[in-house]
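What the coordinates show
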Amino acid sequence: MRFQNLDLNLLAALDKLIRLQSVSRAADELSITQSAMSNALNRLRLYFDDPLLVQVGRRMELTPRAEALAERVRDILVRIEAAVATPLDFDPRTTSRTIALMVSDYSLATVVPPFVRRIAHAAPGMKLTIKPQRNYPGLQLERGDTDLLIAPRLYSSPDHPSEGLLADPMVCVMDAANPLARGMNLAGFAAAQHVGMEPPVSGESYAARLMRDAGVTISVAVTTFSFQSLPDLVRGTDRIALVQKRLAERMAREGGGLALVTPPIPLQPLEQVIQWHSMRDSDPALIWLRAELQASV
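Structure report, in brief. Counting starts from 1 at the beginning of each chain's written sequence and moves along it residue by residue. The model is predicted, so local features are restricted to residues of pLDDT at least 70 and side-chain atom pairs to those at 80 or more, both for listing and for counting; the totals for chains, interfaces and linings are taken over all residues. As a rule here, side-chain values come from all non-hydrogen atoms in the structure, and water together with hydrogens is ignored.

Quick look at the overall build of the protein
- What counts as a helix is a DSSP run of H or I of at least four residues, what counts as a strand is a run of E of at least two, and both are numbered from the N terminus. Each helix and strand in the protein was counted, giving 12 helices and 14 strands.
- Burial classification: accessible surface area is computed with a 1.4 Å probe over protein chains only, and a residue below 20% of its type maximum counts as buried, one above 50% as exposed, and the rest as partly exposed. Burial analysis of the protein (297 residues in total) assigns 45% to the buried set.
- Accessibility throughout is a Shrake-Rupley quantity obtained with a 1.4 Å probe, and a residue counts as covered only by protein chains that appear here. With the model as given, the accessible surface of the protein reaches about 15,300 Å², and the carbon-plus-sulfur share is 52%.

See below:
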């Protein structure tokens, strides 16, 4: 199919070339030969009258024209997929679709396990690809990198539909022998050493944002990239970790010797939402999966 003398099949090649900045890797992604991808790149260069990718040392880099095309091409492909490639009928018992789900470390430890168990029974042929949440998760919807996103409401995109999934209050997690487990107050909370989680993709954790918004300064003695490591980093010490209650309760169940204590100041619960691309609003598989996620909470 052509549009204004451009073979639309070349858009998929252009998208891969822009995102991977490698002819060989783009060819592998599209399951074509490197020679065929090189030919596609030459045709694209002729059409746009621009080299698009140029060799700089041992790497290939995008030209300004290619950078300007990146988001536009991705948006076109997402829209084509939503309009043409999405099946209108859906039966969870017989589907073999692959669904990408982008989640945080927190969601992976709390909501995702019961959701995966439900899908294993209700849609045994469905394949789930669980991806780590990145900075600006709404951008991953724009790029078509994920079908569904679970993210804090404050980090979700205002440009795409979403629905609330859960609200999880914050609690202080500490060793059961910590004196603050028997009597928490603001002075003790602020004076204690804390263990904090810093997202691997950089940025500010929800707990750190809450402390900043509350105007409370705490001393963070240890930072970690994973929620899962927090209980072992407070156990046997007088340190505190500020954690979502659902995750904290799982920590307490899986390893003894922990106490969960209400913070000495009011803190907004973490509000998680499910989000999807606006062009996928009528996708019957995503509608069904959203209901399954709600039932997993």
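Section: helix H2 (residues 23-30)
- Every buried residue belonging to H2 is among Val23, Ala26 and Ala27, and all of these are buried. For H2, the angular spread of the buried residues around the axis is 100 degrees, confining them to a single face.
- Packed against the buried residues of H2 are helix H1 (9-20), helix H3 (34-48) and strand S4 (59-62).
- Remark: serine 31 follows H2 within two positions and exhibits a positive phi of approximately 55 degrees. In this description, one arc is meant: the one made by directions from the helix axis to the C-beta atoms. Two residues qualify as a contact provided that any one of their heavy atoms is within 4.5 Å of a heavy atom in the partner residue.

Topic: the packing of aromatic side chains
- Stacked, tilted and edge-to-face pairs are distinguished by plane angle, under 30 degrees for stacked and over 60 for edge-to-face with tilted covering the rest, among Phe, Tyr and Trp rings (Trp via its six-membered ring) whose centres lie within 6.5 Å. Scanning the entire structure with this criterion turns up 3 aromatic pairs.
- With 5.6 Å between their ring centres and 55 degrees between their planes, phenylalanine 90 and tryptophan 288 make a pair best called tilted. With phenylalanine 90 in the loop between helix H4 (64-85) and strand S5 (98-103) and tryptophan 288 in helix H12 (residues 284-296), this residue pair connects regions lying 198 residues apart in the sequence.
- Judged by its relative accessible area of 19%, tryptophan 288 is buried.
- Residues tyrosine 106 and phenylalanine 227 carry aromatic rings whose centres are separated by 6.4 Å and whose planes lie at 70 degrees to one another, so their mutual orientation is edge-to-face. Here tyrosine 106, found in helix H5 (residues 105-110), pairs with phenylalanine 227, found in the loop between strand S11 (219-224) and helix H10 (230-234); they are 121 residues apart in sequence, far enough to count as distant.

What to know about the environment of leucine 77
- Mapped onto the secondary structure, leucine 77 falls in helix H4.
- Given a relative accessible area of 17%, leucine 77 falls into the buried group.
- In this structure, the C-alpha to C-alpha distance between leucine 77 and aspartate 159, residues 82 residues apart in sequence, is 18 Å.
- Excluding residues within four positions of it along the chain, leucine 77 makes contact with Leu11, Ala12 and Asp15.

So, a nonpolar patch on the surface
- Surface patches are drawn from residues lacking salt bridges whose relative accessible area is over 30%; two like charges belong together within 9 Å, two nonpolar side chains (Val, Leu, Ile, Met, Phe, Trp, Tyr) within 5 Å. Put simply, a salt bridge is a Lys or Arg side-chain nitrogen that is within 4 Å of an Asp or Glu carboxyl oxygen. Taken together, Leu108, Val116 and Ile130 make up a surface patch of nonpolar side chains, about 210 Å² in accessible area.
- Looking at the secondary structure, you find leucine 108 in helix H5.
- Of the residues examined, leucine 108 reaches a relative accessible area of 41% and is grouped as partly exposed.

Quick notes on the nonpolar core
- Counting residues in hydrophobic clusters, the biggest one holds 55 residues, and the most contacted among them are Leu289 and Leu293.
- In this structure leucine 293 touches Leu101, Val111, Phe115, Leu148, Ile150, Leu165 and Ile274, once residues within four positions along its chain are discounted.
- Side-chain atoms within 4.5 Å link the members of a nonpolar core, which is a set of buried Ala, Val, Leu, Ile, Met, Phe, Trp, Tyr and Cys residues. Membership of the second largest hydrophobic core comes to 25 residues, among which are Leu6, Ala13, Leu20 and Phe48.

Examining the side chain of serine 157
- Along the chain, the position of serine 157 falls in the loop between strand S7 (148-152) and strand S8 (162-168).
- Among the residues examined, serine 157 registers a relative accessible area of 12% and is labelled buried.
- Any pair of N or O atoms that falls within 3.5 Å is considered a polar contact. Within protein, one atom must be able to donate a hydrogen and the other to accept it, and sequence-neighbouring residues count only if both atoms are side-chain atoms. At a separation of 3.1 Å, a polar atom in the side chain of serine 157 contacts the main-chain amide nitrogen of aspartate 159.
- Apart from residues no more than four positions distant in its own chain, serine 157 is found in contact with Gly138 and Gln275.

Some thoughts on the pairing of strand S10 (residues 193-197)
- The element S10 is largely enclosed, with a buried count of 4 among its 5 residues.
- The pairing criterion is simple: DSSP has to find at least two bridges between the two strands. Taken together, the 5 bridges between S10 and S11 define a ladder with parallel strand orientation. Bridging across to S11, valine 195 finds its partner in valine 222.

Observations concerning the sheet that holds S8
- Here we have 5 strands laid out as an open sheet, ordered S6-S5-S7-S14-S8, and mixed in their pairing. Sheet topology places strand S6 (127-132) and S8 at the edges, where each strand pairs with a single neighbour. Taken pair by pair, the neighbouring strands of this sheet meet at an average axis angle of 20 degrees, ignoring direction.
- Of the strand pairs in this sheet, S7 and strand S14 (residues 270-275) are connected by 4 bridges, and their pairing is antiparallel. The residue bridging isoleucine 150 from the neighbouring strand is isoleucine 274, located in S14. In this analysis, axes come from line fits to C-alpha atoms, helices being fitted only over the stretch in contact, and the angle between any two N-to-C directions falls in the range 0 to 180 degrees.

Quick word on the pattern of salt bridges
- Taken as a whole, this structure holds 16 salt bridges when the rule is applied.
- The closest approach of N and O atoms between arginine 59 and glutamate 61, which form a salt bridge, is 2.5 Å.
- The exposed category is assigned to arginine 59, whose relative accessible area is 52%.
- A salt bridge links arginine 118 to glutamate 292; its shortest N-O distance comes to 2.9 Å. Taken together, the residues span a long stretch of sequence, with arginine 118 in helix H6 (residues 112-122) and glutamate 292 in helix H12 at a distance of 174 residues.
- Beyond isolated ion pairs, a larger network of salt bridges with shared partners links Asp15, Arg19, Arg74 and Asp145.

Keep in mind these numbers describe shape, not what the thing actually does.
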